[in-house]
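Listed below are the residues making up each chain.
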Amino acid sequence: MTQKNNNNIISQKELPEDKKMDLNLRPKTLQDFIGQEKLKANLKIFIQAAKQRQQPLEHALFHGNHGLGKTTLSYIIAHEMDTEIQVTSGPALEKVGDLAAILTSLKDGSILFIDEIHRLNRSIEEVLYPAMEEYALDLIVGQGPSAKILRLDLPQFTLIGATTRPSLISPPLRDRFGAVYQLNFYQTSEIKEIVLRSADILKIKIEEKAAQEVAQCSRFTPRVANRLLKRVRDFAQVHDHEKINQKIAQQALEMLEIDHLGLNYTDRRILSCLIEKFSGGPVGIKTLAVATGEDLNTIEEIYEPYLIQSGFLDRTLRGRIATPLAYKHLGYKRGFPF
Ligand SMILES: Nc1ncnc2c1ncn2[C@@H]1O[C@H](COP(=O)(O)OP(=O)(O)O)[C@@H](O)[C@H]1O
Ligand SMILES: [Mg+2]
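Calculation criteria
Residues numbered from 1 in each chain as written. Chains lettered and ligands numbered in written order. Predicted model: local features only at pLDDT ≥ 70, side-chain atom pairs only at ≥ 80, totals over all residues. Heavy atoms only, no water. Helix = DSSP H or I, 4+ residues; strand = E, 2+ residues; numbered from the N terminus. Buried < 20%, exposed > 50% of the residue type's maximum accessible area, 1.4 Å probe, protein only. Contact = heavy atoms within 4.5 Å. Areas by Shrake-Rupley, 256 points an atom, 1.4 Å probe, with all protein chains shown as cover. Lys, Arg positive; Asp, Glu negative; His and termini not counted. Charge placed at Lys NZ, Arg CZ, Asp CG, Glu CD. Near = heavy atom within 4 Å. Polar contact = N/O pair within 3.5 Å; in protein donor to acceptor, adjacent residues only side chain to side chain. Nonpolar A, V, L, I, M, F, W, Y, C, P; charged D, E, K, R; others polar. Domains from an automatic or database assignment. Pairing = 2+ DSSP bridges. Right-handed = clockwise from strand over helix to strand, strands pointing away. Phe/Tyr/Trp six-rings, centres within 6.5 Å; stacked < 30°, edge-to-face > 60°. Axes fitted to C-alpha atoms, helices over the stretch in contact; angles between N-to-C directions. Parallel < 35°, antiparallel > 145°, perpendicular 65-115°, else oblique. Left-handed = near helix turned anticlockwise from the far one by under 90°. Expected span 1.5 Å × (residues − 1). Salt bridge = Lys/Arg side-chain N within 4 Å of Asp/Glu carboxyl O.

**A few points about the overall build of the protein**
At step 1: Looking only at helices and strands, the protein has 15 helices and 13 strands in total.
At step 2: Its C-alpha atoms give the protein principal-axis dimensions of about 75 × 45 × 35 Å.
At step 3: Going through the 338 residues of the protein one by one, you find that 49% of them count as buried.
At step 4: Put simply, of all contacts in the protein between residues at least 6 apart along the chain, 71% involve residues at least 24 apart.
At step 5: Accessible surface, the protein: about 17,100 Å² in total, of which carbon and sulfur atoms supply 50%.
At step 6: Placing the 44 positive and 42 negative side-chain charges of the protein at their respective mean positions leaves the two points 4 Å apart.

Structure (C-alpha cells):
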C-alpha cells in the first residue's frame, strides 16, 4: 500500500467509502450520540423550547473539525423535530437559481442543511439574508433600469450551517444564526465507546483492549475511528481471526503506519522537517508547507489540529514550533538527531 493511501485513512475528511458506512453508523437520536455532553444538553433545550412554542428552530451553525459529527447532529435535529431535511453544500450552490429552487421547495418547519457554508459565493449569500430573516426570496426580474425586485414568501424553515472554518464565514452571515455550536475533539474513552458501538452494529467481534488501541489512534475523531475499525476488521479477517484482540489491532495499525500515539507517516514527516530543517521552529505555515511538499490547507485542516491537540506542535505568533514531546517521540535530542 502506498503512503498516500495510508494518509487517506487518517484523513478526517469524508471519503467516498464513508458514505455507505455513515448510513449504518450514524446515531439517529441525541441519546445515541456519544460525547459532546455540554453541546447535547444545550441542543436538548433548544429543541424542546422550539417544540413548546410550536415554532421552527432558530437558524443554527455548527463548527468544528472534519468528522466530529456536524452532519450527524443536523440529521438528529431533523429527527428529533420530526421534520424533513434537505441537504446541500456551499460549493454545490453555484447559481442563485440553485438556492431559489431549494428554498421554494421547503415546507414550514423544514430544515435546510448547508455543509461547508463558508464556501458559499457572495451573490448566494445575499439571497440567504432575507430568506433567513424574513422568510422572503427577492428575485430580480429583467435587466438594466427596468429591472424589478419580485418578493416571494417562503415557508418558515430552519437553516443549519456546518463549517470547519468559522473564521471564513462573513460577519453578516454569522450574525444571522440564532445559535452557534462548537464541536470539540472527543476524549479517547468516548472514541472507544464509539468503536464498540460501531463494532456492534457491523457485527464485528472486538475485545475491549483492541477497541482501546483503535481509539488511541483515531485522532480524537469518530470518522477516523470508524474507518480504522473497518481496516482492522479486514486485517483480522484475512489472518483468520474471528475476534479482534489487542495484538491483531496493533499489527493492523502498524501495517497502516500509524504509531501508538496515532501519528501517521505524514505527521511524523511534518514534525521531523520542522525539527531538522528549522531547528524546531518557529516557522511560518507557508514555509513549512513548501518544505514538506504538502498542501497548505491539508496541513491546516488535517494534520495540524491533531498535532496541536496531542501536544506535538505549538502555534505561536511567530510560527509553528515542535514541542519537547515531538523531539522525544521521534527520537531527537533537543537540537541533535540521535
Ligand atoms: N458522537 C458520535 N457518536 C457516534 N458516532 C459518531 C459521533 N459523531 C460522529 N459519528 C460518526 O462519525 C461519522 C462522521 O460524522 P459526521 O457527522 O459526518 O461528521 P462531520 O459532518 O462533522 O464531518 C458519522 O458517520 C458517524 O457515524
Ligand atoms: Mg459533514
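**Concerning the environment of E134**
At step 1: Tracing the backbone through its elements, the reader meets E134 in helix α6 (residues 122-134).
At step 2: E134 sits 20 residues away from L154 along the chain, and the two C-alpha atoms are 8.5 Å apart.

**Digging into the site of ligand 1**
At step 1: Residues in contact with ligand 1 amount to 18 residues; listed here are only the nearest, D22, R26, I34, G67 and T72.
At step 2: Note that a nitrogen atom of ligand 1 is positioned 3.2 Å from one of the side-chain N or O atoms of Y186.
At step 3: In this structure, R223 approaches ligand 1 through a side-chain N or O atom, which is 2.8 Å from an oxygen atom.
At step 4: In isolation ligand 1 offers 560 Å² of accessible surface; the protein chains occlude 98% of this area.
At step 5: Of all the secondary structure elements, the ones that give two or more residues to the shell around ligand 1 are α2 (16-25), α4 (70-81) and α10 (222-238).
At step 6: For the shell around ligand 1, the per-class residue count stands at eight nonpolar, six polar and four charged.
At step 7: Here the shell around ligand 1 spans two domains, since at least three of its residues come from each of domain 1 (36-182) and domain 2 (188-255).

**Some points on helix α9 (residues 208-216)**
At step 1: When α9 is considered as a whole, its buried residues turn out to be A210, A211, E213, V214 and A215.
At step 2: Looking at the packing, one finds that the buried side of α9 touches α8 (188-201), β8 (205-206), α10, β9 (243-244) and α11 (246-255).

**Considerations on the pairing of strand β2 (residues 85-89)**
At step 1: As defined by bridge partners, β2 adjoins strand β3 (residues 111-115) across five bridges and the pair is classed as parallel. Residue T88 lies in a different strand from β3, and its bridge partner there is I114.
At step 2: For the crossover from β2 across helix α5 (residues 96-105) to β3, the handedness is right-handed.

**Describing the packing of aromatic side chains**
At step 1: Overall, the coordinates contain six aromatic pairs when judged by the stated rule.
At step 2: When the centroid spacing of 6.5 Å and the interplanar angle of 75 degrees are considered together, the rings of Y327 and Y332 count as edge-to-face.
At step 3: The buried category is assigned to Y327, whose relative accessible area is 3%.
At step 4: Under the relative-accessibility criterion, Y332 is labelled buried at 12%.
At step 5: Following the ring pairs from residue to residue traces out a cluster consisting of F46, F62 and Y181.

**Quick word on the packing of α8 against α9**
At step 1: Here α8 crosses α9 at 120 degrees, and the two axes come no closer than 8 Å. Looking at the two axes, α8 sits oblique to α9. Considering only the axes of α8 and α9, their crossing is right-handed. Residue-level inspection shows T188, I191, K192, V195 and L196 of α8 in contact with α9, the latter providing E208, A211, Q212, V214, A215 and Q216.
At step 2: Broken down by class, the residue content of the contact of α8 with α9 amounts to six nonpolar, three polar and two charged.

**With respect to the environment of L128**
At step 1: For L128, the location among the structural elements is in helix α6.
At step 2: Each C-alpha atom of the pair L128 and D32 lies 32 Å from the other, and the pair is 96 residues apart in sequence.
At step 3: Dropping the residues within four chain positions of it, L128 is found in contact with L99, I114, L120, L159 and L173.

**Section: α8**
At step 1: For α8, built from 14 residues, the straight-helix expectation of 20 Å at 1.5 Å per residue is met to within 8% by its first-to-last C-alpha distance of 20 Å.
At step 2: Buried within α8 we find E190, I191, K192, I194, V195, S198 and A199.

**Notes on the pairing of β3**
At step 1: Most of β3 sits out of view: four of its five residues are buried.
At step 2: Bridge count for β3 against strand β6 (residues 158-163) is four bridges, and the pairing is parallel. Counterpart to L112 in the pairing with β6 is L159.

**Focus on the pattern of salt bridges**
At step 1: Scanning the entire structure with this criterion turns up 17 salt bridges.
At step 2: E294 is the salt-bridge partner of R269, the closest N and O atoms lying 2.8 Å from each other. Separated by 25 residues along the polypeptide, R269 in helix α12 (residues 265-278) and E294 in the loop between α13 (285-292) and α14 (296-309) bring together distant segments of the chain.
At step 3: Take R269: its relative accessible area is 27%, and that puts it in the partly exposed class.

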